[in-house]
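# Chain and residue survey
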Amino acid sequence: MKYMLIMRSTDAAQEAYKDLPFEEVINRMGAYNESMINAGVLLAGEGLADVAQDSDNAFVVDFSDDPPLVTDGPYGETHELFNGFWILQVSSRDEAAEWARRCPLGAGSKLEVRRVTEPEDFAAFADNEYIRKEAGWRDDEAALRAGNA
Amino acid sequence: MARRRGGASRGKRVAAGPEPSVAQEEPRRGAVPRRIEALWRIEGPRIVAALARVTGDVGFAEDMAQEAVAEALAQWPAAGVPRNPAAWLTAVAKRRAIDSWRRTERLEERYRRLAQEAQEDVVADWNPVPDDVLRLVFSACHPELSLLAQITLTLRVVGGLSTREIARLFVVPVATVQQRIVRAKKTLAAAKVPFEVPEPSEWEPRLAGALRVIYLMFTEGYSATSGDQWIRQDLAGEALRLGRVLARLVPREPEAHALVALMEFQTARFAARTRVDGTPILLAEQDRSSWDRGGIERGREALARADALGRGRGNYALQAAVAKCHCVAANVDGTDWPQIVLLYEALGRLAPGPVVELNRAVAVSMATGPETALAIADRLVAQGVLRGSHLLPSVRGELLSRLGRSAEARAEFTAAAALAGNTRERDMLLRRAAE
């Protein structure tokens, strides 16, 4: 089964992180990633660009309005930021939890761990037009990438 | 940055320094045993490998590690999980080893060496040598052991699986797995198998052996010959994980990456291979939209890594390249069949065999037409190979049918049906014969 580890931190945690030499952050995260690669469980993972640095890096679409409103985001007020994610392939919830525990994050940070759905989760809707179409779209995208590679 | 423990701190800063060892998490039933199992899967191989380095004996190391796990199961539910569980388990296992040697009063030198290491553990961080796990792979895949024993021991000591998990994967009783492991350890001890990475001259065949064990484990799960299909997929998944581990251990070996690529491509197509009721679906009729694109992408990356090493394509790389041709094609007609023909020709030069030749015939029929392909199939018939297998007559039946020679095709399908071991396949061939 696959789990997604979603990195979340608060403004306070971001502030505390600034005191830490960035190279040390890279080293700690690198060692963590390496341990998961070595164990054969890491399928994917990306970091998300700094919200505060540039408004091109992040914005929010608010559906309270109709049509939805695109803004630079109420990031300063939410206190919770999504900073990156990993996707792991593990044998159990406990194994996912064990890897999550090892993540080198500081106080104020949280990891949200979510199971990634698999085709079996939609078995009851296998014949649904859009379930089938979505798979087709993914196909097209992969074919495009294959052509460009 | 303050050190912190798992879910307990919830946004609160925890002071650096000694921390309570009990994690204040929401209690889950059987949480500690399950956590130990998860820890074992992650850390077990390195613990056993580190112990084997100092004891020189994989079987003994594994026994001592298991005793440490038993002690953890007894202590941790009440005392809490220690901050560094792997170091705890290693230290306890080393102590057990010393006790055992003390009782038997043998191996004085090893005892002294280990006793000294155990002392150092108190202060030193737990830090196994990366090569240890590679030595573990070579010991578990030692040619002294039967293939089944190699697979079982690999799952156990390299994969970190419990006997219960292995029993579930092979659909056999736990006692059977325990016996296999005990026998494998005895065989290794009797053969005095050293815990080492083999000499350069032995390197290639031994690595090939390790790759073969992993691929056999995978095909056992992939072909789902018996038992519950989902459980077998677990076995294939575990083999893929071990393949990734091995490729990381020997990153300069193209065939290790190629094997990972092959397994990724095949796993990606797994869901489309059978209907809900277990009926096999032919490649041409498979719903390609249910192939796992992430897996195909990882397969492409792994194959690119193998190719980037610039040492040419081996057996697994060629097979992976064939699988890639299927994976990246939108449909059967859009498949690069000429490329597949070339790949099978290369495979035939590298590892000649009738099955490769038959696969080449199928590819040729798609690339150039059934006539040329039939000549290849006829040559195989003349050579008298693949007798007793339904593969050759079913391919000939297909080719004859495409050439419009229906009577001959019908005879071949009937002959193939009589040879098919799998009832699903037999039914399909009989249907073809009736068409």
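Residues numbered from 1 in each chain as written. Chains lettered and ligands numbered in written order. Predicted model: local features only at pLDDT ≥ 70, side-chain atom pairs only at ≥ 80, totals over all residues. Heavy atoms only, no water.

For chain B, the name recorded in an unreviewed UniProt entry is RNA polymerase sigma factor, with Arthrobacter gengyunqii as its organism. Note on chain B: under the UniProt heading Sequence similarities (unreviewed entry), the record states "Belongs to the sigma-70 factor family. ECF subfamily." (UniProt positions renumbered as here; feature names shortened; annotations may be inferred.)

For chain A, an unreviewed UniProt entry supplies the name YciI family protein and the organism Arthrobacter gengyunqii. Its UniProt record gives chain A the following Sequence similarities (unreviewed entry) comment, quoted word for word: "Belongs to the YciI family."

## Focus on the confidence of the model for chain A
In the predicted model, chain A carries a mean pLDDT of 80, and the fraction of residues at 70 or more is 81%. Low confidence marks residues 139-149 of chain A, where pLDDT is under 50. Its contacts with residues over four positions away, or in another chain, come to 9 contacts. (pLDDT = per-residue confidence, 0-100. Contact = heavy atoms within 4.5 Å.)

## Brief notes about the packing of helix H6 (residues 147-158) of chain B against helix H8 (residues 174-190) of chain B
Residues and elements named next belong to chain B. Where H6 contacts H8, the two axes come as close as 9 Å, and the packing angle between them is 100°. Classified by the angle between their axes, H6 and H8 sit roughly perpendicular to one another. In contact with Leu148, Ala149, Thr152, Leu153 and Arg156 of H6, H8 contributes Val177, Arg180, Ile181, Ala184 and Leu188. A class-by-class count of the residues in the contact of H6 with H8 yields 7 nonpolar, 1 polar and 2 charged. (Axes fitted to C-alpha atoms, helices over the stretch in contact; angles between N-to-C directions. Helix = DSSP H or I, 4+ residues; strand = E, 2+ residues; numbered from the N terminus. Parallel < 35°, antiparallel > 145°, perpendicular 65-115°, else oblique. Nonpolar A, V, L, I, M, F, W, Y, C, P; charged D, E, K, R; others polar.)

## Overview of the state of the cysteines
Residue and element names in this part refer to chain B. Counted by the stated rule, this structure contains 0 disulfides over all chains. In this model Cys325 remains outside any disulfide bridge; the closest cysteine sulfur is found in Cys327, 9.5 Å from its own. For Cys325, a relative accessible area of 11% translates into the label buried. Under the relative-accessibility criterion, Cys327 is labelled buried at 0%. (Disulfide = S-S within 2.5 Å. Buried < 20%, exposed > 50% of the residue type's maximum accessible area, 1.4 Å probe, protein only.)

## Notes on the packing of helix H15 (residues 354-367) of chain B against helix H17 (residues 391-402) of chain B
Residue and element names in this part refer to chain B. For the pair H15 and H17, interaxial distance at closest approach is 11 Å and the crossing angle is 15°. Judged by the angle between their axes, H15 and H17 are roughly parallel. Here the hand of the crossing between H15 and H17 comes out left-handed. Across the interface between the two elements, Leu358, Val362, Ser365 and Met366 from H15 touch Leu391, Leu392, Val395, Leu399 and Arg402 from H17. (Left-handed = near helix turned anticlockwise from the far one by under 90°.)

## Regarding the sheet that holds strand E6 (residues 109-115) of chain A
Residues and elements named next belong to chain A. The antiparallel open sheet is built from 4 strands, whose spatial order is E2-E5-E1-E6. Of all the strands in the sheet, just strand E2 (42-47) and E6 have a single pairing partner and so form its edges. Taken over all neighbouring pairs, the strand axes of this sheet differ in orientation by 20° on average, direction set aside. (Pairing = 2+ DSSP bridges.)

## Notes on H17 of chain B
Helix length check: H17 of chain B (12 residues) gives 17 Å between terminal C-alpha atoms against 16 Å at 1.5 Å per residue, within 8%. Gly404 of chain B, located one to two residues past H17 of chain B, shows a positive phi value of around 80°. (Expected span 1.5 Å × (residues − 1).)

## Digging into the environment of Thr55 of chain B
Residue and element names in this part refer to chain B. With respect to the element layout, Thr55 can be found in helix H1 (residues 31-55). Residue class for Thr55 comes out buried when judged on its relative accessible area of 1%. Separated by 42 residues in sequence, Thr55 and Ala97 place their C-alpha atoms 8.3 Å apart.

## Notes on the nonpolar core
Among the nonpolar cores identified, the biggest contains 121 residues, and Leu155 and Leu246 of chain B are the most heavily contacted of them. Ranked by residues supplied to this core, first place goes to helix H9 (residues 200-223) of chain B with 10 residues. Each residue touching Leu155 of chain B, except ones within four places of it in the same chain, is listed here: Gly160, Leu161, Ile166, Leu169, Phe170, Met217, Leu235, Glu238 and Leu242 of chain B. Counting residues in hydrophobic clusters, the runner-up holds 18 residues, among them Met29, Tyr32, Val41 and Leu88 of chain A. (Core = buried A, V, L, I, M, F, W, Y, C linked by side-chain atoms within 4.5 Å.)

## Here's the deal with the pairing of strand E5 (residues 81-89) of chain A
Residues and elements named next belong to chain A. In terms of strand pairing, strand E1 (residues 2-9) meets E5 through 8 bridges, oriented antiparallel. Of the residues in E5, the one forming a bridge with Lys2 is Gln89. Bridge count between E2 and E5: 5 bridges; the pairing is antiparallel. In the sheet register, Glu46 faces E5, and the bridge partner there is Phe85.

## Overview of the packing of aromatic side chains
Within this structure, the stated rule accounts for 5 aromatic pairs over all chains. One aromatic cluster is present, built from ring pairs that chain together Tyr215, Phe218 and Tyr316 of chain B. For Arg102 of chain A, the ring lying beneath its charged end belongs to Trp99 of chain A, and the centroid distance is 5.5 Å. One residue, Arg180 of chain B, lies across the ring of Phe170 of chain B, its end atom 5.7 Å from the ring centre. (Phe/Tyr/Trp six-rings, centres within 6.5 Å; stacked < 30°, edge-to-face > 60°. Lys NZ or Arg CZ within 6 Å of the ring centre and 35° of its normal.)

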